[in-house]
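# Architecture and fold: a report
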Amino acid sequence: MTTTTFTDETRERAREIIARYPADRSRSALLPLLHLVQAEEGYVSPAGVAFCAEVLGLNKAQVGAVATFYTMYKRKPTGDFLVSVCTNTMCNVLGGQEVYDTLAEHLGVGHDETTADGTITLEHAECLAACDYGPVMTVNYDFFDGVDPSTAVGVVDELRAGGRPMPTRGARLCTLKEMAVQLAGFADERDGAVADGGPGEPTLRGLRLAQQHGVSVPGFDPNTPIRSKAEADKAAAEAKAKAEAAKPAPVEASAAPVKGGDGASAPTGAVAVAEPAKPADATEPAKPAEASGSTTRDVKAPDDKSPQVRTAETRQPDADTAVPDAPGTKVPTDGTGTAPEAGDARSAEAAGVAANAPAGDGKPAGDEAAAQERNLTEAKAGTDADGAGPSDANETGAQK
């Protein structure tokens with residue numbers, strides 16, 4: 001078992017994160033756990049990968065595959081403030097590339113590089129989802145809208161001087177480690193951490209146009225209060241009770257005498273239960289499908305078996321594991337309507353492998369030596385059977 005140097009607080013938080021998920025789905029906790037280790041070290045180090053693998057019972061390759069897929073997980077030490085400049089189409093047209101180039105020259109670093117004082121890591125981003133505010137940049141994922149080279153330089157200079165410039169939208173700035181704690185699912189405990197901020201003008205533009213032209217959702221009342229969960233649950237219970245009360249009462253048993261199967265009257269005291277009248281054109285309800293006679297074992301309910309196992313058993317054509325009645329599935333047959341016997345799939349696979357020999361070193365698989373020799377002979381002769389010239393002979397040989 002790998003031993004790491006993470007603090008007791010981090011280990012306690014890791015247990016809390018894992019407890020958020022069902023016991024057999026603990027692997028789903030990997031993403032917030034990666035943010036958690038990044039919150040302690042400032043990046044996902046090899047020790048962080050080993051820690052996540054340790055607490056989740058995975059191997060390091062599985063953890064590393066996830067950590068290298070998402071750009072928010074940094075694989076080398078990162079500065080306190082990650083400055084991301086959008087250089088995608090819209091922001092680029094509006095001057096995003098100029099902003100990035102100016103910052104790179106001013107800070108003396110390139111993409112994914114950190115200043116010598118460890119304060120700022122610069123990167124260019126492929127779209128920050130704020131085209132209506134372009135050009136934009138973010139500092140630890142908080143937005144600075146409508147920037148130009150001058151304002152961008154002013155922001156990074158204030159950060160390097162120890163200040164915390166206020167983002168255009170969102171909460172107050174925090175360090176990358178503090179942000180990682182929030183991304184792991186824990187509240188920001190800083191005083192006034194979620195204060196200030198507000199929507200930007202382009203965001204409110206659609207609302208103001210709707211108000212100006214009187215556009216609204218039919219029946220919409222902006223003064224409708226938002227109910228609490230307790231009030232919503234109470235209203236749902238009342239609606240359910242009302243629906244139950246509105247159901248028709250069951251038909252009472254009739255006191256009329258009933259005749260037996262032989263036409264004779266039933267014993268005294270027997271009563272018949274009145275059946276609801278059927279429409280004239282009503283058809284008999286479909287009978288449940290009869291058993292297929294399959295000897296395959298039953299597939300458990302989805303919550304009793306993992307989706308991967310259930311899918312594999314559904315698609316496996318062997319008689320031991322095939323599930324003919326699974327939705328959207330059809331078990332292959334041999335033409336007589338009979339499913340293949342167990343092991344037929346393996347035999348067919350072996351036959352296919354035998355019929356497709358691996359390619360040798362001299363030529364691709366599937367090429368025929370006779371065809372190659374014929375083409376070479378025709379090329380040397382300089383003509384083919386039709387009297388074509390050398391160049392035509394090459395084309396003819398290739399076609400053959």
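Just so you know, these numbers come straight off a predicted model, no measurement behind them.

Pairing is mixed across the open sheet formed by five strands, whose spatial order is β2-β3-β1-β4-β5. Both edges of this open sheet fall to β2 (113–114) and β5 (142–144), since each of them pairs with a single strand only. Across three bridges, the pairing between strand β1 (residues 81–86) and strand β4 (residues 137–139) is antiparallel. Its bridge partner being in β4, Ser84 is matched across the sheet by Thr138. Against the sheet, helix α7 (residues 149–160) engages β1, β3 (120–125), β4 and β5, with an angle of about 10° to β4.

In this section: a nonpolar patch on the surface. There is a patch of nonpolar side chains on the surface, built from Leu31, Phe69 and Tyr70 and spanning about 320 Å² of accessible area. Residue position: Leu31 is located in helix α2 (residues 30–41).

In this section: the pairing of β1. The element β1 is largely enclosed, with a buried count of six among its six residues. Note that β1 and β3 share six bridges and pair parallel. Of the residues in β3, the one forming a bridge with Ser84 is Glu123.

Attention now goes to the packing of α2 against helix α8 (residues 176–183). Orientation of α2 relative to α8, taken along the N-to-C sense of each, is 160°, at an axis distance of 8 Å. Here α2 is positioned roughly antiparallel relative to α8, judged by the angle of their axes. Here α2 runs over α8; the crossing is left-handed. Contacts from His35, Gln38, Ala39, Glu40 and Glu41 of α2 reach α8 at Lys177, Ala180, Val181 and Leu183. A class-by-class count of the residues in the contact of α2 with α8 yields four nonpolar, two polar and three charged.

Now for unusual backbone geometry. Excluding glycine, most residues fall at negative phi; most peptide bonds, likewise, are trans. Residue Pro135 is bonded to the preceding Gly134 through a cis peptide linkage, with omega at -5°. Looking at the element boundaries, Pro135 is found in the loop between β3 and β4. Positive phi, close to 75°, is recorded for Tyr141, a residue that is not glycine. Counting through the fold element by element, Tyr141 comes out in the loop between β4 and β5. Residue classification places Tyr141 among the partly exposed residues on the basis of a relative accessible area of 26%.

Of all residues in the protein chain, 64% attain a pLDDT of 70 or more, and the chain-wide mean is 75. At the low end of the mean pLDDT range in the protein chain sits helix α14 (residues 390–399), at 46; at the high end sits β1, at 95. Taken together, the stretch residues 268–272 has pLDDT below 50 and engages in 11 contacts with residues farther than four places along the chain or on a different chain. The model gives residues 360–367 a pLDDT under 50, and that stretch makes five contacts with residues more than four places away or in other chains.

For the coordinates displayed, the defined rule picks out three aromatic pairs. Taking 4.8 Å as the distance between ring centres and 40° as the angle between the ring planes, the aromatic pair formed by Phe6 and Phe51 counts as tilted. With Phe6 in the segment before α1 (8–18) and Phe51 in helix α3 (residues 46–56), this pair connects stretches of sequence that are 45 residues apart. Judged by relative accessible area, Phe6 falls into the buried class, the value being 6%.

On to the pairing of β3. Burial within β3 is extensive, with five of its six residues counted as buried. Examined bridge by bridge, β2 and β3 share two bridges and lie antiparallel to one another. For Glu113, the partnering residue across the bridge sits in β3 and is Leu122. Linking β2 back to β3 in an antiparallel pair, the connection comprises five residues, with Gly118 at a positive phi of about 75°.

Conventions and cut-offs
Residues numbered from 1 in each chain as written. Predicted model: local features only at pLDDT ≥ 70, side-chain atom pairs only at ≥ 80, totals over all residues. Heavy atoms only, no water. Pairing = 2+ DSSP bridges. Helix = DSSP H or I, 4+ residues; strand = E, 2+ residues; numbered from the N terminus. Contact = heavy atoms within 4.5 Å. Axes fitted to C-alpha atoms, helices over the stretch in contact; angles between N-to-C directions. Patch = residues over 30% accessible without salt bridge, like charges linked within 9 Å, V, L, I, M, F, W, Y side chains within 5 Å. Areas by Shrake-Rupley, 256 points an atom, 1.4 Å probe, with all protein chains shown as cover. Salt bridge = Lys/Arg side-chain N within 4 Å of Asp/Glu carboxyl O. Buried < 20%, exposed > 50% of the residue type's maximum accessible area, 1.4 Å probe, protein only. Parallel < 35°, antiparallel > 145°, perpendicular 65-115°, else oblique. Left-handed = near helix turned anticlockwise from the far one by under 90°. Nonpolar A, V, L, I, M, F, W, Y, C, P; charged D, E, K, R; others polar. pLDDT = per-residue confidence, 0-100. Phe/Tyr/Trp six-rings, centres within 6.5 Å; stacked < 30°, edge-to-face > 60°.

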